[in-house]
Amino acid sequence: MTCCFGLLPVTEVDSTNRSLLAPQFLEKLSDRDHDSLGRLRQNFLRHFFAAQIVKVWAANADNTYLTRDGEESPRRGALQIVFCSLGIHTEFSVWDDLRARLVAAGIPDARIRDSNEMTSPTKRAKLLADCRNGKVDVLIGSYERIGIGVNIQDRVVAIHEIN
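Each residue is numbered by its place in its chain's sequence as written, counting from 1. In view of the model being predicted, local features appear only for residues whose pLDDT reaches at least 70, and side-chain atom pairs are presented and counted only at 80 or more, with totals across whole chains, interfaces and linings using the full set of residues. Based on all heavy atoms of the structure, the side-chain values leave hydrogens and waters out of the count.

### Some remarks on unusual backbone geometry
Glycine aside, residues mostly have negative phi, and peptide bonds are mostly found in the trans state.
Alright, step 1. Notably, Asn151 is not glycine yet its phi reads approximately 50°, a positive angle.
Alright, step 2. Here Asn151 is to be found in the loop between helix 5 (143–146) and strand 6 (156–162). We count a stretch as a helix when DSSP gives it H or I for four or more residues in a row; a strand needs E for two or more, and each element gets its number in order from the N terminus.

### Here's the deal with the nonpolar core
Alright, step 1. As used here, the term nonpolar core means buried Ala, Val, Leu, Ile, Met, Phe, Trp, Tyr and Cys residues forming a set that is joined through side-chain atoms within 4.5 Å. Using a 1.4 Å probe on the protein chains alone, a residue whose accessible area is under 20% of its type maximum counts as buried, one over 50% counts as exposed, and one in between counts as partly exposed. Grouped together as the largest cluster of nonpolar side chains are 15 residues, with contacts concentrated most on Ile53, Val82, Leu98, Leu102, Ile107, Val138 and Ile140.
Alright, step 2. Looking at this core, the elements with two or more residues in it are helix 2 (31–59), strand 3 (79–84), helix 3 (94–104) and strand 5 (138–141).
Alright, step 3. Should any heavy atoms of two residues lie within 4.5 Å, those residues are counted as being in contact. In contact with Ile107, other than residues within four places in its own chain, are Ile53, Val54, Trp57, Leu102, Ile112 and Val138.
Alright, step 4. Counting residues in each nonpolar core, the second largest holds 14 residues, with Phe83, Leu127, Leu139 and Val156 among its members.

### Considering helix 3
Alright, step 1. All of the buried residues in helix 3 are Val94, Trp95, Asp97, Leu98, Arg99 and Leu102.
Alright, step 2. Gly106, located one to two residues past helix 3, shows a positive phi value of around 115°.

### Some words on the pattern of salt bridges
Alright, step 1. For salt bridges, the criterion is a side-chain nitrogen of Lys or Arg within 4 Å of an Asp or Glu carboxyl oxygen. Tallying each qualifying case throughout the model produces 10 salt bridges.
Alright, step 2. Two residues, Asp154 and Arg68, come together in a salt bridge whose shortest N-O distance is 3.2 Å. Of this pair, Asp154 sits in the loop between helix 5 and strand 6 while Arg68 sits in the loop between helix 2 and strand 3, and the two are 86 residues apart along the sequence.
Alright, step 3. Judged by relative accessible area, Arg68 falls into the exposed class, the value being 66%.
Alright, step 4. In this structure, Arg113 engages Glu117 in a salt bridge whose closest nitrogen and oxygen atoms are separated by 2.8 Å.
Alright, step 5. Because the salt bridges share partners, they merge into one network encompassing Arg113, Glu117, Lys126, Asp130 and Lys135.

### Details of helix 4 (residues 121–132)
Alright, step 1. By this rule, a helix spans an expected 1.5 Å times one less than how many residues it contains. Look at helix 4: 17 Å from first C-alpha to last across 12 residues, which is about the 16 Å you get at 1.5 Å a residue.
Alright, step 2. Every buried residue of helix 4 is accounted for by Leu127, Leu128, Asp130 and Cys131. The arc that holds every buried residue of helix 4, seen down its axis, measures 155°, which confines them to one face. Relative to its buried face, helix 4 has exposed residues pointing more than 90 degrees away, namely Pro121 and Thr122.
Alright, step 3. Packed against the buried residues of helix 4 are strand 3, strand 4 (112–114) and strand 5.
Alright, step 4. Gly134 sits one or two positions beyond helix 4 and adopts a positive phi of about 90°. To be clear, the arc concerns the directions from the helix axis to the C-beta atoms.

### A few points about the packing of aromatic side chains
Alright, step 1. Stacked, tilted and edge-to-face are the three classes applied to pairs of Phe, Tyr and Trp rings, where Trp contributes its six-membered ring and a pair requires centres within 6.5 Å; stacked means planes under 30 degrees apart, edge-to-face means over 60, and tilted covers the rest. The full count for this structure, using the stated rule, is 2 aromatic pairs.
Alright, step 2. Taken together, a centroid distance of 5.3 Å and an interplanar angle of 80° make the contact between Phe48 and Phe49 edge-to-face.
Alright, step 3. Taking the relative accessible area as the measure of exposure, Phe48 reaches 22% and is therefore partly exposed.
Alright, step 4. Aromatic pair Phe83 and Tyr143: ring centres 4.2 Å apart, planes at 10°, arrangement stacked. With Phe83 in strand 3 and Tyr143 in helix 5, this pair connects stretches of sequence that are 60 residues apart.
Alright, step 5. Assessed through its relative accessible area of 40%, Tyr143 is described here as partly exposed.

### Regarding the confidence of the model for the chain
Alright, step 1. Per-chain confidence: the chain averages 80 in pLDDT, with 73% of residues scoring 70 or above.
Alright, step 2. Residue-level confidence of the predictor is summarised by pLDDT, bounded by 0 at the bottom and 100 at the top. In this model, residues 1–7 is a region of pLDDT below 50 whose contacts with residues beyond four sequence positions or in other chains number 16 contacts.
Alright, step 3. Counting interchain partners and residues more than four positions distant, the pLDDT-below-50 stretch residues 12–26 has 26 contacts.

### Considerations on the pairing of strand 6
Alright, step 1. When you tally the buried positions in strand 6, you get 7 out of 7 residues, the bulk of the element.
Alright, step 2. Relative to strand 6, strand 3 runs parallel, the two being bridged by 6 bridges. The partner of Leu79 across the bridge, within strand 6, is Val156. Only strands joined by at least two bridges in the DSSP assignment are considered to pair.

Okay, here's the thing in structure tokens:
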């Protein structure tokens, strides 16, 4: 599902629209089948979001922006923010899986960053500066880390929410 937040496209899938199958069918499934379906649904969501992010990345790869001095920035491309609170502290990392899918689709690994890099105020400031000056194409993080007070909106073209 894609909706609009201000002027930015927001891709969001939450518990109200995740079901890939009719409820009548789901009631007939065994517990083991429900587990298999849950894994299938999670895999579908990761694939869906990766495809959306790559599509937006490719469409905005040549965007140009002005620096704070009013000159054209030498770095092209836009920033996408991915809010994800799934699989952060589990055996399987949704963030790592998403990153691997994005890299496999052609986004350079060095241009995909995550909020786990913010281990000190200095590192936080550096990451956010990189987002503002075009060194980052995709920033993955939780609302707690990048939801408020980050001031990185200059290059943002899309926000994706995986909950």
